[in-house]
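Listed here are the chains, written in short residue letters.
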Amino acid sequence: MSQRDIILGIESSCDETAASLVADGRDVLSSVVASQDDLHAKFRGVVPEIASRAHLERVNLIVGQALERAAVALPEIAAVAGVNSPGLVGCLLIGFTAAKTYAWSVGKPLIAVNHLHAHAYGAILSAEQPEMPAVALIVSGGHTSLFHLQTPLQLELLGRTQDDAAGEAFDKVATILGLPYPGGPAIDKLARQGDPAAIDFPRIYLDRESLDFSFSGLKTAVLYHVRGKRLERPDASHLSDCQKADVAASFQAAVVDVLIDKSVLACRRRRAETLLVGGGVAANSYLRRRMAERCQNEGLRLVLADRSMCTDNAAMVAGLAWHKYRRGDFAALDEQVIST
Ligand code: KG4
Ligand code: ZN
């Protein structure tokens, strides 16, 4: 059997500490993810300092588990990949410094990976036969971006959010409704009991031709709907469960309508026949169903990242890094992390 190139990937850009071993960019030998949701829940958002500290405590343990589950010894790997942008700078520093240290300790190359490009690769990893060129919609807690991909490494930014990310809007609306953290999965669940047409929340397109997004106005519309225009009601406790479900479903529909319309517009404009969808919000069941229906009507090939590949993980990092490995695109040991 010909030798396979196994890459160790490390991800720590936000609040998941993750490590993975992937062979030849496709074969996921192990993928270990330690979530910090429990640490941030009482603050209803990621506290950067707590997140960095937790990464520091966990990263070596998680890498050890990834190697053990894949039954691979560190010297057998071809290279080590770490995410160096974008993300919380203290968090990036922990994972990327760990990647540098592992690479240096075994004398293997270091590869720097962009977190958003890795999310697009999460969808590519989920497809049988990834076809390019493609448009990728990356929807997460920190980002909402559209890219055009010629190859997994050639990405052109087509548009992005001007204010809140879609996942951030889910998390904030969940807070308004008094739902648990993180808000996305909680809204997804509650919305199944609600009517997406119950409340006509605004669909914010900016300019109809624009591929940029904006979600902060929608979040404010939900706040006014729940608490009143003068915020006279302190919270959502006056709403029945049924009314809360209608708010969740109607909010979710307003987000999803815009995400779908702009993704289809991007495909048309760039004459791409494949749409890749990744990032935490891509796990949303309503978005997945509606995207599938619309892409079928439009004759587009839809590739949704597998649910395990939507939220932050290191398999998408190690997978994408293999393409850089083949090109000899290595980073120096003094390569910096960049928050944007
Ligand atoms: O990609 P990710 O793990 O981290 C970032 O890079 O931001 O995305 C996390 C985001 C959170 O805002 C979370 O609420 C959202 O993804 N999310 C969801 C769902 N699962 C996670 N949003 C809507 N529906 C879901 N099922
Ligand atoms: Zn992410």
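Residues numbered from 1 in each chain as written. Chains lettered and ligands numbered in written order. Predicted model: local features only at pLDDT ≥ 70, side-chain atom pairs only at ≥ 80, totals over all residues. Heavy atoms only, no water.

Draft legend 1. The overall build of the protein, seen in detail. Summing up its helical and strand segments, the protein has 11 helices and 10 strands in all. On C-alpha atoms alone, the protein measures out to a radius of gyration of 20 Å, which is about the 20 Å that the 2.2 N^0.38 rule sets for 340 residues. Across its three principal axes, the protein shows a C-alpha extent of roughly 60 × 45 × 30 Å. Going through the 340 residues of the protein one by one, you find that 54% of them count as buried. A sequence separation of at least 24 residues applies to 71% of the contacts in the protein between residues at least 6 apart. Put simply, the protein shows about 14,700 Å² of open surface, and 50% of that area lies on carbon and sulfur atoms. Charge-centre separation for the protein: the mean point of 35 positive side chains lies 3 Å from the mean point of 39 negative side chains. (Helix = DSSP H or I, 4+ residues; strand = E, 2+ residues; numbered from the N terminus. Rg over C-alpha atoms; globule rule 2.2 N^0.38 Å. Buried < 20%, exposed > 50% of the residue type's maximum accessible area, 1.4 Å probe, protein only. Contact = heavy atoms within 4.5 Å. Areas by Shrake-Rupley, 256 points an atom, 1.4 Å probe, with all protein chains shown as cover. Lys, Arg positive; Asp, Glu negative; His and termini not counted. Charge placed at Lys NZ, Arg CZ, Asp CG, Glu CD.)

Draft legend 2. Layout of the coordination of the zinc ion (ligand 2). Protein coordination at the zinc ion (ligand 2) comes from His115 (NE2), His119 (NE2) and Asp312 (OD), with a distance range of 2.1 Å. Angles of 92 to 147° at the metal separate the 4 donor atoms of the zinc ion (ligand 2), which places the site in the irregular class. Between consecutive donors of the zinc ion (ligand 2), the numbers of intervening residues give the motif H-x3-H-x192-D. Of this pair, His115 sits in helix α4 (residues 115–126) while Asp312 is found in the loop between α10 (307–310) and α11 (315–327), placing the two residues 197 residues apart along the sequence. (Donors = N, O, S within 2.8 Å, 3.2 Å for Na, K, Ca; no water. Tetrahedral: all angles 85-135°; square planar, octahedral: opposite > 155°, others 65-115°.)

Draft legend 3. Spatial organisation of the pairing of strand β6 (residues 134–139). Counting buried residues along β6, 6 of its 6 residues qualify, which places the element largely inside the surrounding structure. Of the two faces of β6, both are covered, the one formed by Ala134, Ala136 and Ile138 as well as the one formed by Val135, Leu137 and Val139. Hairpin geometry of β6 and strand β7 (residues 144–151) is characterised by an intervening segment of 4 residues between the two adjacent antiparallel strands. Alignment of β6 against strand β9 (residues 274–278), held across 4 bridges, turns out to be parallel. The residue bridging Ala136 from the neighbouring strand is Leu276, located in β9. (Pairing = 2+ DSSP bridges.)

Draft legend 4. Geometry of the packing of aromatic side chains. With the rule as written, the count across this model stands at 3 aromatic pairs. Seen in terms of ring centroids, Phe170 and Phe251 are 5.1 Å apart; in terms of plane orientation they differ by 75°. Their pairing is edge-to-face. Of the two residues, Phe170 is situated in helix α5 (residues 166–176) and Phe251 in helix α8 (residues 241–269); the sequence distance between them amounts to 81 residues. Each member of the pair, Phe170 together with Phe251, is buried. (Phe/Tyr/Trp six-rings, centres within 6.5 Å; stacked < 30°, edge-to-face > 60°.)

Draft legend 5. The site of ligand 1, seen in detail. Around ligand 1, 19 residues are found, and the nearest of them are Gly141, Asp171, Gly184, Asp188 and Asn284. In this structure, an oxygen atom belonging to ligand 1 sits 3.2 Å away from a main-chain N or O atom of Gly167. At 2.7 Å, a side-chain N or O of Asp171 approaches an oxygen atom of ligand 1. For ligand 1, whose accessible area on its own is 560 Å², the fraction buried by protein is 90%. Elements that contribute at least two residues to the shell around ligand 1 include exactly α4, α5 and α6 (183–191). Considering only residue class, the shell around ligand 1 consists of 5 nonpolar, 10 polar and 4 charged. Split by domain, the shell around ligand 1 shows at least three residues from each of two domains, domain 1 (6–120 + 311–327) and domain 2 (131–306). (Near = heavy atom within 4 Å. Polar contact = N/O pair within 3.5 Å; in protein donor to acceptor, adjacent residues only side chain to side chain. Nonpolar A, V, L, I, M, F, W, Y, C, P; charged D, E, K, R; others polar. Domains from an automatic or database assignment.)

Draft legend 6. Quick peek at the domain arrangement of the protein. Domain annotation for the protein reports domain 1 (6–120 + 311–327) and domain 2 (131–306). Computed over C-alpha atoms only, the centres of domain 1 and domain 2 are separated by 27 Å. Each partner contributes to the interface: domain 1 provides 17 residues, whereas domain 2 provides 20 residues. Taken together, both faces of the contact between domain 1 and domain 2 bury some 1,500 Å²; the carbon and sulfur share is 70%. For the interface between domain 1 and domain 2, the tally reads 0 salt bridges. At the boundary of domain 1 and domain 2, one finds 2 residue pairs in polar contact (both at pLDDT 80 or more). Broken down by secondary-structure element, the contributors of at least two residues to the side of domain 1 that touches domain 2 are α1 (37–40), α4 and α11. (Buried area = accessible area lost by both parts, 1.4 Å probe. Salt bridge = Lys/Arg side-chain N within 4 Å of Asp/Glu carboxyl O.)

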